[in-house]
Amino acid sequence: MIAFRKMNGLGNDFVVVDARHHAVDISADTIRALGDRENGVGFDQFILIEPAAEPADATMRIFNPDGGEVGACGNAARCVAALLLDERAMPEVLIASAGGPMRGWREADGRIAIDMGEPRFAGPAIPLASEAGDSWCVRFPEPELASYGAAACVNVGNPHAVFFVPDVGVVPLTDIGPKFENHRFFPERANISFVTVHGPDRVEARVWERGAGATLACGTAACAIVSVGHRAGILGERVEVVLPGGPLAIALTAGRIVMVGPYMLDWTGAITRDGFVRDPLPTSV
Ligand SMILES: N[C@H](CCC[C@H](N)C(=O)O)C(=O)O
């Protein structure tokens, strides 16, 4: 059996397996089965915590429910940082990931802050297909897609395309999201955000995640939104990104993105040969 923690950050939910003391080899098929919200545990991402080379305290690997491994997950990074910070009395932790290293620390109010690194706007870093042109702002030839205007694209450990729209509430996310996610301009696909600006320090967003679909919150999307909004002169350096699951505080400091938000441990369980079991609720003392 493989023990796990079911956790979430603003409703963006995860199965977190701590594989630092025993190797866990899990197939894409098993991840897809576990990610199924009808017959499996159901999650937005599956997170493996593995050993790391100094100076990192741990490595975080991220898998979408479609079984694909990806480079970054902001909301899960807060969950992992909280677990590591609770383990030992140290002021901050360093988490290695395919999308780059992340420092994490606990704020005075208990929320977790993650330094997500520097956003990358160059086409090959996102990545963008050459057909998309050499700008980080991409226009789509298809009339239905063109009606959403230009996408502001950035890599924050994973690829994001951000559309600024008058009212996120009327965007048919489940219809238009996959059309942009899987567009040929995004050779590695992309996470898609629609944003309505309420001021230089406050936006409202809806996110269609690559390999996961519509989620209640997306930490890397919040980072992407502020990165492109600030570069476009629309947003300031400190922005509240309000997602369906709640707000994330994003700050651009010396070119680096810092995200602050909550985390939650929901329940614990174990992956078994034919599925999973939930641990009994802790008996109240
Ligand atoms: N939920 C995650 C993003 C997962 C990104 C994943 N969907 C991808 O394919 O990059 C977050 O809080 O940043």
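None of these values were measured; they are calculated from a predicted model.

J.: Residues and numbers for the overall build of the protein, please.
T.: Across its full length, the protein carries five helices and 19 strands. Over its C-alpha trace the protein gives a radius of gyration of 18 Å, about what one expects of a compact globule, namely 19 Å for 285 residues. For the protein, the spread of C-alpha atoms along the three principal axes comes to 55 × 40 × 35 Å. Looking at the protein residue by residue over its 285 residues, the buried ones come to 54%.

J.: Describe the UniProt feature "binding site: substrate" (unreviewed entry) in the protein, naming the residues involved and giving the relevant values.
T.: UniProt marks N12, Q45, N64, G74, N75, N158, N191, E209, R210, G219 and T220 with the feature "binding site: substrate" (unreviewed entry), using the numbering shown here. Its location among the elements puts N191 in strand β12 (residues 191-199). Excluding residues that lie within four positions of it along the chain, N191 makes contacts with N158, P159, H160, A161, W208, E209 and R210. Mapped onto the elements of the fold, G219 is located in helix α5 (residues 219-231). Judged by its relative accessible area of 1%, G219 is buried. Other than its neighbours up to four places away in sequence, G219 contacts G74, N75, L248 and M259.

J.: Describe in detail helix α2 (residues 74-87), supporting the description with residues and values.
T.: With 14 residues, α2 should reach 20 Å at 1.5 Å per residue; the first-to-last C-alpha distance of 20 Å fits that figure. Those residues of α2 lying buried are G74, N75, A76, A77, R78, C79, V80, A81, A82, L83, L84 and L85.

J.: Kindly report on helix α1 (residues 28-35), identifying the contributing residues and their values.
T.: Of all the positions in α1, only I31, L34 and G35 are classed as buried. Along the axis of α1, the buried residues cluster in a sector spanning 95 degrees; they form a single face.

J.: Talk me through the environment of R206; I want residue IDs and the actual numbers.
T.: As for its placement among the helices and strands, R206 is situated in strand β13 (residues 202-209). Expressed as a C-alpha distance, the spacing of R206 and L173, which sit 33 residues apart in the sequence, is 7.8 Å. Leaving out residues up to four positions away in the same chain, R206 has contacts with V168, L173, I192, S193, F194 and P244.

Cut-offs used in this document
In this convention, every chain numbers its residues from 1, walking through the sequence in written order. Given that the model is predicted, a residue must reach a pLDDT of at least 70 before its local features are reported, and side-chain atom pairs must reach 80 or more before they are shown or counted; all residues, however, enter totals for whole chains, interfaces and linings. Computation of side-chain values: all heavy atoms of the structure, hydrogens and water removed. Only DSSP runs of H or I with at least four residues qualify as helices, and only runs of E with at least two residues qualify as strands; both kinds are numbered from the N terminus onward. Atoms considered for the radius of gyration are the C-alpha atoms alone. The globule rule reads 2.2 Å times the number of residues to the power 0.38. Throughout this description, buried means an accessible area under 20% of the type-specific maximum (1.4 Å probe, protein chains only), exposed means over 50%, and partly exposed covers the range between. UniProt positions are given in the numbering used here, feature names are shortened, and annotations may be inferred rather than shown by experiment. Should any heavy atoms of two residues lie within 4.5 Å, those residues are counted as being in contact. Any helix carries an expected span of 1.5 Å times its number of residues minus one. Taking the helix axis as origin, the arc is that swept by the directions to the C-beta atoms.

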